[in-house]
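# A closer look at the structure
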Amino acid sequence: MEPFFFSSINTFVTDPLTHNFMRKALLMSSLVAAVCGFLSSYLTLKGWALMGDAVSHSVMPGVVVAYALGLPFSLGAFVFGVGSVALIGFVKQKSRVKEDTVIGLVFTAFFALGIVLISKIKSNIDLHSILFGSPLGISISDVRQTVIISLLVVILLSVFRKDLMLYCFDPRHAKTVGINVIFLHYLLLTCLSLAAVVGLQTVGIILVVAMLITPGATAYLLTDQFDIMTIISVCSAIISSIIGIYFSFWFDLETGGSIVLAQTFIFLLAFLFAPRYGILKFKRIFFINNNG
Amino acid sequence: MDRANYQNFRIEAENICVDYNGKVALYDANLILGPGQICGLVGMNGAGKTTFFNALTGFVNISKGKIRINGESLRSAQKDQTIAYVPQSEGIDSQFPVNVWDVVMMGRYGSMNILRCPRESDLQAVKDAIERVDLVAFSSTPIGNLSGGQRKRTFLARAIAQRASILLLDEPFSGVDIRTEKLISELFIQFKNEGKTILLSTHDMMHVREFCDLVLLINKTVVAYGETSEVFTKENITSTFGGISPDVLLGPES
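Predicted model, so just to flag it, every value in this text is computed and none were measured.

Rules used in this analysis
Position numbers for residues start from 1 in each chain and track the written sequence from start to end. Starting at A for chains and at 1 for ligands, labels are handed out in the order in which the entities are written. The model is predicted, so local features are restricted to residues of pLDDT at least 70 and side-chain atom pairs to those at 80 or more, both for listing and for counting; the totals for chains, interfaces and linings are taken over all residues. Counting from the N terminus, the helices are DSSP H or I runs at least four residues long and the strands are E runs at least two residues long. Each radius of gyration reported is based on C-alpha atoms, and the globular scaling rule is 2.2 Å times the count of residues to the power 0.38. Counting other C-beta atoms within 10 Å of a residue's C-beta gives its exposure: the residue is buried at 20 or more, exposed at 12 or fewer, and partly exposed in between, where C-beta atoms are placed from the backbone. A pair of residues counts as a contact when their C-beta atoms, built from backbone coordinates, are within 7 Å of each other. At least two DSSP bridges between two strands are needed for those strands to be called paired. Orientation is described by lines fitted to C-alpha atoms, with helices fitted over the stretch in contact, and by angles between N-to-C directions that extend from 0 to 180 degrees. Think of a nonpolar core as buried Ala, Val, Leu, Ile, Met, Phe, Trp, Tyr and Cys residues chained together by C-beta atoms that fall within 7 Å. In this analysis, the expected span of each helix is defined as 1.5 Å times one less than the number of residues it contains. Of all possible arcs, the one meant is that of the directions from the helix axis to the C-beta atoms. For classification purposes, angles smaller than 35 degrees are called roughly parallel, those larger than 145 roughly antiparallel, those between 65 and 115 roughly perpendicular, and all remaining angles oblique. What makes a crossing left-handed is the near helix being turned counterclockwise from the far one by less than a right angle; a clockwise turn instead makes it right-handed. Think of pLDDT as the predictor's per-residue confidence, scored from 0 to 100. In this classification, the charged set is Asp, Glu, Lys and Arg, the nonpolar set is Ala, Val, Leu, Ile, Met, Phe, Trp, Tyr, Cys and Pro, and all remaining amino acids, among them Gly, are polar.

### Regarding the overall build of chain B
- A count of helices and strands for chain B gives 10 helices and 9 strands.
- The C-alpha radius of gyration computed for chain B amounts to 18 Å, which stays within 12% of the reference 18 Å derived for 254 residues, consistent with globular compactness.
- Each principal axis of the C-alpha atoms in chain B carries an extent, and together these give about 50 × 45 × 40 Å.
- In chain B, buried positions account for 44% of the 254 residues.
- Considering only intrachain contacts with a sequence separation of at least 6, the fraction spanning at least 24 residues in chain B is 69%.

Structure representation (structure tokens):
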């Protein structure tokens, strides 16, 4: 019994790795997960979950237009991602409609525009792969673009890591000591738009917001230190991607959905068992806390 | 040193107006403060106290008027770390995953390089500031686990670490324990002797009498400004608080 058990575990892990497309999918998804997970801790703390939802949906027409004009996806996504936020701000300021209503209104309009454009522009954009992601079918040019964007976002977030943390925590203090908060605001928005584009390839536009929220929320339950929160967020995102892809391979499941469900499962574990903030309060049993 | 002439005044606010999308929050407000002065900012909720602070920190743009800090523009005052703001407890997310040391270190960010890597002098400034507010034992405690008073002292330490010469304090005494109140009042005396200028908002009239040399009564604009003993009168307070008698606010002895 035992040798069989081990050999089947072995097969479970190594079999998919013999396929080239699976190796590529695992690498790409892990990279995207790392980027989104890194950003996720900022969005969670800034209270930008809804904004993440809005921007990730709003990039869709940008992707389509860029494709039609032969420009890089990221450029179109950036223009429409930041544009949607500017539009949200404008409508909110000029009308009595509340902010969450405006956000819902603007991003669904952008999203609908994207769908209409896809149906009108004759191209080989596959609506299904934009909506639900296709990590198993990433082309070489997509790989190159994903790697470049991911590295760019990671570098930006790393360089401005502390400033962004301060911006999320106490923007007025940041302003008072001469830090450019408007720059930081747009930096975070830019990273959000770019992360939405790369996330789109793995889990699709509908679920990319999960990549931007869930890892941060999980990490937030597990620590009281910002740096550790970022590390946990990135790690949980990568682990979820790997689990999700394996499950999708073996049980023939939609890959994007599996990855997000894996993230949700890890969040549930944290929700129940987190040492200090889990509902089962395990800190009394395991003496783990960050209190110095 | 041409600047020496101007340095008689730390804060000069001249006819400043602030509006949010056309809604006037503050108009024609004036304030002049010199080194070593402590001024109380008193007014009802919505009278423009927070707006006044926002204008002085540059967090909102003034639509009219002029602000000079140590004779210079607000922008160069920000670059020089001249102004420190100590927020009200409610203005801060107390569940944010940072500890006391991290928060106090934020006071040094403005004078660090772009990566905000602390130098030896930054570490020392943070250490000293934490000692001055008596929180050494809590250096690595997450701010979520602190009491209201300890949290208030953490933000005071941030202002100390910043080495600012102007301190803006939003309700420094609200929700603090007696120990913190005593420590803050001792710090005020030290700050005064160091020549720092303090502008604090408060709801507690007793604190104004106790700590403030000057008082600025506002209700969308300046109602009265001057020496506490002269300005802090029954009539002025009544008109600041829209007709409510100061007996209610001050107790029978006034």
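### Remarks on the overall build of chain A
- From N to C terminus, chain A includes 12 helices and 0 strands.
- Element order for chain A, N to C, with α for helix and β for strand: α-α-α-α-α-α-α-α-α-α-α-α.
- Whereas a compact globule of 292 residues would reach a radius of gyration of roughly 19 Å, chain A reaches 20 Å, a difference of no more than 12%.
- Its C-alpha atoms give chain A principal-axis dimensions of roughly 70 × 55 × 35 Å.

### Focus on the sheet that holds strand β2 (residues 23-33) of chain B
Residue and element names in this part refer to chain B.
- Overall, antiparallel pairing links the 3 strands, which are arranged β2-β1-β4 in an open sheet. In this open sheet, the two edge strands, each paired with only one partner strand, are β2 and β4 (64-69). Taking each pair of neighbouring strands and ignoring which way they run, the sheet shows an average axis angle of 25°.

### Remarks on the pairing of strand β7 (residues 197-201) of chain B
Residues and elements named next belong to chain B.
- For β7, a buried count of 5 out of 5 residues is recorded, marking the element as mostly surrounded by other parts of the structure.
- The side-chain alternation of β7 yields two buried faces, one formed by Thr197, Leu199 and Ser201 and the other by Ile198 and Leu200.
- Where strand β3 (residues 38-42) meets β7, 4 bridges bridge the pair, whose relative direction is parallel. Along β7, the bridge assignment pairs Gly40 with Leu200.

### Observations regarding the nonpolar core
- By size, the foremost hydrophobic cluster in this structure holds 158 residues, and its most contacted members are A:Val35, A:Leu39, A:Ala195, A:Val197, B:Cys39, B:Leu167 and B:Leu168.
- Non-local contacts of B:Leu168, meaning those with residues more than four positions away in its chain, are made with B:Phe53, B:Leu56, B:Thr57, B:Ile83, B:Tyr85, B:Val86 and B:Leu199.

### Things to note about helix α7 (residues 140-159) of chain A
Residue and element names in this part refer to chain A.
- Spanning 20 residues, α7 covers 29 Å between terminal C-alpha atoms, matching the ideal 28 Å at 1.5 Å per step.
- Looking at α7, one finds that the buried residues are Thr146, Ile149, Ser150, Val153 and Leu157. Down the axis of α7, the sector holding all buried residues measures 105°, keeping them to one side. With respect to the buried face of α7, the exposed residues turned more than 90 degrees away are Ile140, Ser141, Arg144, Leu151, Ile155 and Ser158.
- Those residues of α7 hidden inside the fold are in contact with α2 (20-46), α4 (73-94), α8 (161-169) and α10 (181-222).

### Side note on the packing of helix α11 (residues 226-251) of chain A against helix α12 (residues 255-273) of chain A
All names here are of chain A.
- Their axes nearest at 7 Å, the elements α11 and α12 cross at an angle of 130°. As judged from the angle between their axes, α11 and α12 are oblique. In this structure, α11 meets α12 at a crossing whose hand is right-handed. Residues Ser236, Ala237, Ser240, Ser241, Ile243, Gly244, Ile245, Phe247 and Ser248 of α11 form the contact with α12, whose own contacting residues are Thr255, Ser258, Ile259, Leu261, Ala262, Gln263 and Ile266.

### Focus on α12(A)
All names here are of chain A.
- The end-to-end C-alpha separation of α12 is 27 Å, in line with the 27 Å expected for 19 residues at 1.5 Å each.
- Every buried residue of α12 is listed here: Thr255, Gly256, Ser258, Ile259, Val260, Ala262, Gln263, Ile266 and Phe267.
- Of the surrounding secondary structure, the elements contacted by the buried residues of α12 are α2, α6 (127-132), α10 and α11.

### Some words on the sheet that holds β7(B)
Residues and elements named next belong to chain B.
- Read from one edge of the open sheet, 6 strands run β5-β6-β7-β3-β8-β9, paired in mixed fashion. The sheet is open, and its two edges are formed by β5 (83-86) and β9 (222-227), each paired on a single side. Each neighbouring strand pair of the sheet contributes to a mean axis angle of 15°, computed without reference to strand direction.
- With respect to the sheet, helix α1 (residues 49-57) is in contact with β3, β5, β6 (166-170), β7 and β8 (214-218), its orientation differing from that of β6 by roughly 150°.

### A look at the confidence of the model for chain B
Residue and element names in this part refer to chain B.
- Averaged over all residues, the pLDDT of chain B equals 90, while 93% of them reach at least 70.
- Across residues 1-6, where pLDDT falls below 50, the model places 3 contacts with residues more than four positions away in sequence or in other chains.
- Across the assembled chains, the prediction reports ipTM 0.91 with pTM 0.90.

### Considering the environment of B:Lys66
- Considering the arrangement of structural elements, one finds B:Lys66 in strand β4.
- Measuring from C-alpha to C-alpha, the distance between B:Lys66 and B:Lys49 comes to 18 Å, with 17 residues separating the pair along the chain.

### Digging into the packing of helix α3 (residues 49-69) of chain A against α10(A)
All names here are of chain A.
- It is the contact of α3 with α10, at a shortest axis distance of 9 Å, that shows an interaxial angle of 110°. The angle between the axes of α3 and α10 places the two elements in the roughly perpendicular class. The way α3 lies across α10 gives a crossing that is left-handed. Residues Ala49, Gly52, Asp53, Val55, Ser56, His57, Val59, Met60 and Val63 of α3 pack against Leu192, Ser193, Ala196, Val197, Ile205, Val208, Val209, Leu212 and Ile213 of α10.
- Here the contact of α3 with α10 is built from residues that sort into 13 nonpolar, 4 polar and 1 charged.

### Remarks on the interface of chain A and chain B
- With 23 residues of chain A at the interface, the matching set in chain B holds 30 residues.
- Mapped by element, the contributors of at least two residues to the side of chain A that touches chain B are α8, α9 (171-176) and α11 of chain A.
- Looking at side-chain class alone, the side of chain A that touches chain B contains 8 nonpolar, 9 polar and 6 charged residues.

### What about unusual backbone geometry?
Residues and elements named next belong to chain B.
- A positive phi angle, near 50°, is found at Asn70, a position not held by glycine.
- Taking the C-beta count within 10 Å as the criterion, Asn70 has 22 such neighbours and is therefore assigned buried.
- With a phi angle near 65°, Asp134 is a residue other than glycine that sits in the positive phi range.
- Tracing the chain through its elements places Asp134 in the loop between α4 (120-132) and α5 (148-161).
- Classification of Asp134 as partly exposed rests on a count of 14 C-beta atoms within 10 Å.

### Structural notes on the confidence of the model for chain A
- With 92% of its residues at a pLDDT of at least 70, chain A reaches an overall mean of 88.
- Across chain A, α8(A) holds the top mean pLDDT of 97, while helix α1 (residues 2-14) of chain A sits lowest at 71.

### Let's talk about the environment of A:Val97
- Its place among the elements puts A:Val97 in the loop between α4 and α5 (99-120).
- You can call A:Val97 exposed: it has 11 C-beta atoms within 10 Å.

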